[in-house]
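# Observations on chain architecture
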Amino acid sequence: MSDTYRPCAVCGGFYPSESVELKREIKKLLDRTVTRSIPAPIRGMILPHAGYMYSGVTSAHGFAQLQGQQCDVVVIVAPSHREYFDGVSVYPGEGYRTPLGSVMVNKKLRTKLLEIS
């Protein structure tokens, strides 16, 4: 595995590339949400992964429900938009660069996923 970070692939396209602008956009989306009382802890959540202009409000509603809760693992499941392949694609580097900072890859989970795929 390499000591690399994947650069931001769609910054400035599907979401703002500057941290101040991105934080402002996220706040606007979250301000439009309404949370509901859920009787049990949230164990999992499936949210769309599209540009903010397409699914930002939907994702914000989900993330608003998580406020105040601890998330042990976040898994992003996304199709390949360019290549067909069997199995799973798992980034081999250290993490992902975002306008809000770096997000580290869970190496233990990555290894397990690769073992079972």
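Numbering of residues starts from 1 in each chain and follows the order in which that chain's sequence is written. Only residues with pLDDT of at least 70 get local features here, since the model is predicted, and only at 80 or more are side-chain atom pairs given and counted; chain-wide, interface and lining totals rely on the full set of residues. With hydrogens and water excluded, all non-hydrogen atoms of the structure serve as input to the side-chain values.

## Details of the pairing of strand β3 (residues 101-104)
The side chains of a regular strand alternate, residue by residue, between the two faces of the sheet. Strand pairing is defined by DSSP finding a minimum of two bridges between the two strands. Each helix corresponds to a stretch of at least 4 residues labelled H or I by DSSP, and each strand to a stretch of at least 2 residues labelled E; elements are numbered beginning at the N terminus. Note that strand β2 (residues 95-98) and β3 share four bridges and pair antiparallel. Residue pairing for β3: Y96 is matched across the bridge by V103. Once β2 ends, the chain turns through two residues before running back antiparallel as β3.

## Looking at the packing of aromatic side chains
Under the pairing criterion, centres of Phe, Tyr and Trp rings, with the six-membered ring standing for Trp, must be within 6.5 Å; the plane angle then separates stacked pairs below 30 degrees from edge-to-face pairs above 60, leaving the rest tilted. Tallied over the entire structure, the rule returns three aromatic pairs. Ring centres of F14 and Y54 lie 6.4 Å apart, and the angle between their planes is 50°; on these two criteria the pair is classed as tilted. Taken together, the residues F14 in the loop between β1 (5-6) and α1 (19-31) and Y54 in helix α2 (residues 52-66) connect sequence positions 40 residues apart. Given the relative accessible area of 39%, F14 is considered partly exposed. In our convention, an over-ring charge means Lys NZ or Arg CZ found within 6 Å of a ring centre and within 35 degrees of that ring's normal. For the cation-ring pair, R97 lies above Y5, with the distance from its terminal atom to the ring centre recorded as 3.9 Å. Relative accessibility thresholds used throughout: buried, under 20% of the residue-type maximum; exposed, over 50%; partly exposed, between the two (1.4 Å probe, protein chains only).

## So, the packing of α1 against α2
To get an axis, fit a line to the C-alpha atoms, keeping to the stretch in contact for a helix; angles then go from 0 to 180 degrees between the N-to-C directions. Running from amino to carboxyl end, α1 crosses α2 at an angle of 65°, the nearest separation of the two axes being 8 Å. Accordingly, the angle class assigned to the pair α1 and α2 is roughly perpendicular. Crossing handedness for the pair α1 and α2: right-handed. Of α2, the residues touching α1 (which contributes L22, E25, I26, L29 and L30) are Y52, G56, V57, A60 and A64. Charged means Asp, Glu, Lys or Arg here, nonpolar means Ala, Val, Leu, Ile, Met, Phe, Trp, Tyr, Cys or Pro, and polar covers whatever is left, Gly included. Across the contact of α1 with α2, the residue classes tally to eight nonpolar, one polar and one charged. Note on angle classes: values under 35 degrees are labelled roughly parallel, values over 145 roughly antiparallel, values of 65 to 115 roughly perpendicular, and the remainder oblique. Each crossing is labelled by how the near helix is turned from the far one, with a counterclockwise turn of less than a right angle marking it left-handed and a clockwise turn marking it right-handed. Between two residues, a contact is recorded if the distance between any of their heavy atoms is within 4.5 Å.

## What to know about α2
Look at α2: only 18 Å from first C-alpha to last across 15 residues, short of the 21 Å you get at 1.5 Å a residue. One axis fitted to the seven residues ending at a residue, another fitted to the seven starting there: the angle between these axes is the bend at that residue. Taking the largest bend as the criterion, α2 deviates by roughly 30°, centred on T58. Every buried residue of α2 is listed here: S55, G56, S59, A60, G62, A64, Q65 and L66. Against the buried residues of α2 lie α1. Directly beyond the C-terminal end of α2, a positive phi value near 85° is found at G68. Each residue after the first adds 1.5 Å to the expected span of a helix.

It is worth stressing that arrangement in space is one thing and function is another; only the former is reported here.
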